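Coordinate inspection notes
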Amino acid sequence: MKPFEYSRLESPQHLATIANGRFLGGGTNLIDLMKHQIETPDMLVDVTRAGMDRIEERDGAVVIGSQVSNTNLAADPLIRSRYSVLSSALLSGATQQLRNKATTGGNLLQRTRCQYFYDTTRACNKREPGSGCDALNGLNRFHAILGASEHCIAVHPSDMAVAMVALDAVVHTRNADGAERRIPVADLHRLPGDRPDLDHVLEDGELIVAVELPGTPPRRQAYRKVRDRASYAFAVVSAAVVLDIDDGEMRNLRIGLGGVAHKPWRATRAEAALEGKAPDAALFMQAMKREMADASGYGHNDFKMALAPRVVVSMLKELTGLGEN
Ligand SMILES: Cc1cc2nc3c(=O)[nH]c(=O)nc-3n(C[C@H](O)[C@H](O)[C@H](O)COP(=O)(O)OP(=O)(O)OC[C@H]3O[C@@H](n4cnc5c(N)ncnc54)[C@H](O)[C@@H]3O)c2cc1C
Ligand code: SF4
């Protein structure tokens, strides 16, 4: 590992410019990448003791400090009762030990699990821009079917972020000049385009301070993760679905998909096709086919184009009382 300086942030107000530095949350992703020399920061700024570890209700909304651990977030009574989809998503990720260390901010900004990204002997435009992409013609079973480019077909690995997208969560940030931004989680991550080395829209040194959840989420919520093992495995496909039913019609329907794109994918086409309609299994499938209209596989991951719609249809049936498949 390359030598680096270490400092500790006392509060978001004390943030200073960090040239070629990185914030250190739980370190469960960043330190691994530093050991592989994929990330080589000159400085780590430990943000775990900067007073960003609380979950608070403010004006009805819930504000989660960026250093709240995945374990504490999943177990919080307010999160479990009002945002059960988020709690379920968190508990489906990694292992208890990892969740104890992993933080809300770090989970959002964790990097892809594409195996060619971690293997420094292989071509990877995300790790080394312009070097190519060995996943395109390689073992791409876990890779993207939506929004990918010829430069990168990696997926974002976070379960938590998929639930946050469905909950319309908003990230609060601050930079060294004190400037603050509010960014919907749905807009935080980028599609790869011709710059797959850029995962998100944050600037260098921009700190995630908190994540805000709207105070009145839809009442019916579910998270489902399809994976190769029952635990300790990333999603092949996952989905977060939330909705209300008023007067027999689906309202406030929001669908987040994981394991299918470079970012947690908000299924807006399917949502538009279903909002205000009465639950109907055939309509569910039509809506998801509409969502998948531009999807394409790369060989080993072709099966996801059929799997993703089926997962969502099954969840919609359950949530609307039409029963399982
Ligand atoms: C074996 C294994 C299995 C896993 N399985 C899953 C899984 O099934 N599902 C899943 O979702 N995840 C899984 N993970 C990933 C794990 O959830 C992430 O490593 C973790 O959430 C990252 O959080 P962290 O706080 O440790 O981040 P760190 O490693 O500390 O940081 C990650 C990135 O976020 C940046 N960062 C951290 N905090 C901030 C902040 N406040 N503001 C701005 N930038 C910040 C860092 O600079 C770094 O770039 C797994 C990890 C491992 C090792
Ligand atoms: S899919 Fe993306 S991360 Fe994976 S090898 Fe290709 S460029 Fe790298």
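What counts and what doesn't
Residues numbered from 1 in each chain as written. Chains lettered and ligands numbered in written order. Predicted model: local features only at pLDDT ≥ 70, side-chain atom pairs only at ≥ 80, totals over all residues. Heavy atoms only, no water. Helix = DSSP H or I, 4+ residues; strand = E, 2+ residues; numbered from the N terminus. Rg over C-alpha atoms; globule rule 2.2 N^0.38 Å. Buried < 20%, exposed > 50% of the residue type's maximum accessible area, 1.4 Å probe, protein only. Areas by Shrake-Rupley, 256 points an atom, 1.4 Å probe, with all protein chains shown as cover. Lys, Arg positive; Asp, Glu negative; His and termini not counted. Charge placed at Lys NZ, Arg CZ, Asp CG, Glu CD. Near = heavy atom within 4 Å. Nonpolar A, V, L, I, M, F, W, Y, C, P; charged D, E, K, R; others polar. Pairing = 2+ DSSP bridges. Axes fitted to C-alpha atoms, helices over the stretch in contact; angles between N-to-C directions. Phe/Tyr/Trp six-rings, centres within 6.5 Å; stacked < 30°, edge-to-face > 60°. Expected span 1.5 Å × (residues − 1). Contact = heavy atoms within 4.5 Å. UniProt positions renumbered as here; feature names shortened; annotations may be inferred. Polar contact = N/O pair within 3.5 Å; in protein donor to acceptor, adjacent residues only side chain to side chain. Left-handed = near helix turned anticlockwise from the far one by under 90°.

Per an unreviewed UniProt entry, the protein chain goes by Xanthine dehydrogenase family protein subunit M and derives from Hoeflea ulvae.

This brings us to the overall build of the protein chain. When its secondary structure is counted, the protein chain shows 12 helices and 12 strands. Taken over C-alpha atoms, the radius of gyration comes to 19 Å for the protein chain, in line with the 20 Å a tight globule of 325 residues would show. Projected onto its principal axes, the C-alpha positions of the protein chain cover 60 × 50 × 35 Å. Split into buried and exposed, the 325 residues of the protein chain put 51% on the buried side. When the accessible surface of the protein chain is totalled, it reaches about 14,400 Å², and 47% of it is carbon and sulfur. Charged side chains of the protein chain number 39 positive and 40 negative; the gap between the two group centres comes to 4 Å.

Within the structure, ligand 2 sits among 14 residues, and C114, C124, C133, C152 and I153 are positioned closest to it. Partitioning the shell around ligand 2 into residue classes produces 10 nonpolar, 3 polar and 1 charged.

Moving on: the sheet that holds strand β1 (residues 5-8). The strand order β1-β3-β2 describes an open sheet built from 3 strands, whose pairing is parallel. On the outer flanks of this sheet lie β1 and β2 (21-24), each paired with one strand and no other. Neighbouring strand axes in the sheet, compared pairwise and without regard to direction, differ in orientation by 25° on average. Here β2 pairs with strand β3 (residues 43-46) via 4 bridges, running parallel. In the sheet register, F23 faces β3, and the bridge partner there is V45.

Right, let's talk about the packing of aromatic side chains for a bit. Scanning all chains against the criterion turns up 1 aromatic pair. An angle of 85° between the planes, with centres 5.4 Å apart, marks the rings of F117 and Y118 as edge-to-face. Each member of the pair, F117 together with Y118, is buried.

A separate point is helix α12 (residues 304-319). The end-to-end C-alpha separation of α12 is 22 Å, in line with the 22 Å expected for 16 residues at 1.5 Å each. Inspection of α12 places K304, A308, P309, V311, V312, V313, S314, M315, L316, K317 and L319 among the buried residues, and these make up the whole buried set. Taken together, the buried residues of α12 touch β9 (220-226), β10 (237-246), β11 (249-258), α10 (268-274) and α11 (281-291). Looking at the residues trailing α12, positive phi occurs at G321, about 80°.

As a further point, take the UniProt feature "domain: FAD-binding PCMH-type" (unreviewed entry) in the protein chain. UniProt annotation of "domain: FAD-binding PCMH-type" (unreviewed entry) refers to residues 1-218 when read in the numbering used here. Within the segment residues 1-218, helix and strand shares are 24% and 17% respectively, and the terminal C-alpha atoms sit 46 Å apart.

Bringing the site of ligand 1 into the picture now. Contacts to ligand 1 come from 32 residues, most closely from F23, G27, T28, T103 and D159. With respect to ligand 1, the side chain of N107 contributes an N or O atom lying 3.1 Å from an oxygen atom. Within the contact set of ligand 1, a nitrogen atom lies 2.9 Å away from a backbone nitrogen or oxygen of I208. In isolation ligand 1 exposes 980 Å². Once the protein is present, 93% of that is buried. Broken down by secondary-structure element, the contributors of at least two residues to the shell around ligand 1 are β2, α6 (104-109) and β8 (207-213).

In spatial order, the strands read β4-β5-β8-β6-β7; together these 5 strands make up an open sheet with antiparallel pairing. Each edge of the sheet is formed by a strand with only one pairing partner; in this case those strands are β4 (55-58) and β7 (180-184). Averaged over all pairs of adjacent strands, the angle between strand axes in this sheet comes to 25°, irrespective of strand direction. When strand β6 (residues 170-174) meets β8, the two strands line up antiparallel, connected through 5 bridges. Counterpart to V170 in the pairing with β8 is E212.

A pair of packed helices is captured by two measures, namely the crossing angle of their axes and the spacing between those axes. Contact pair α11 / α12: the axes reach a minimum separation of 9 Å and the direction vectors enclose 145°. With respect to the hand of their crossing, α11 and α12 are arranged in right-handed fashion. In this structure, α11 contributes A281, F284, M285 and M288 to the contact, and α12 contributes A308, P309, R310, V312, V313, L316 and K317. For the contact of α11 with α12, the residue count by class is 9 nonpolar, no polar and 2 charged.

When you tally the buried positions in β10, you get 8 out of 10 residues, the bulk of the element. The pairing of β9 with β10 spans 7 bridges and is classified as antiparallel. Within β10, the position partnered with K225 by the bridge is S238. Taken together, the 8 bridges between β10 and β11 define a ladder with antiparallel strand orientation. Counterpart to S238 in the pairing with β11 is G258. Counting the residues that bridge the hairpin from β10 to β11 gives 2 residues, and of these D247 lies at a positive phi of roughly 50°.

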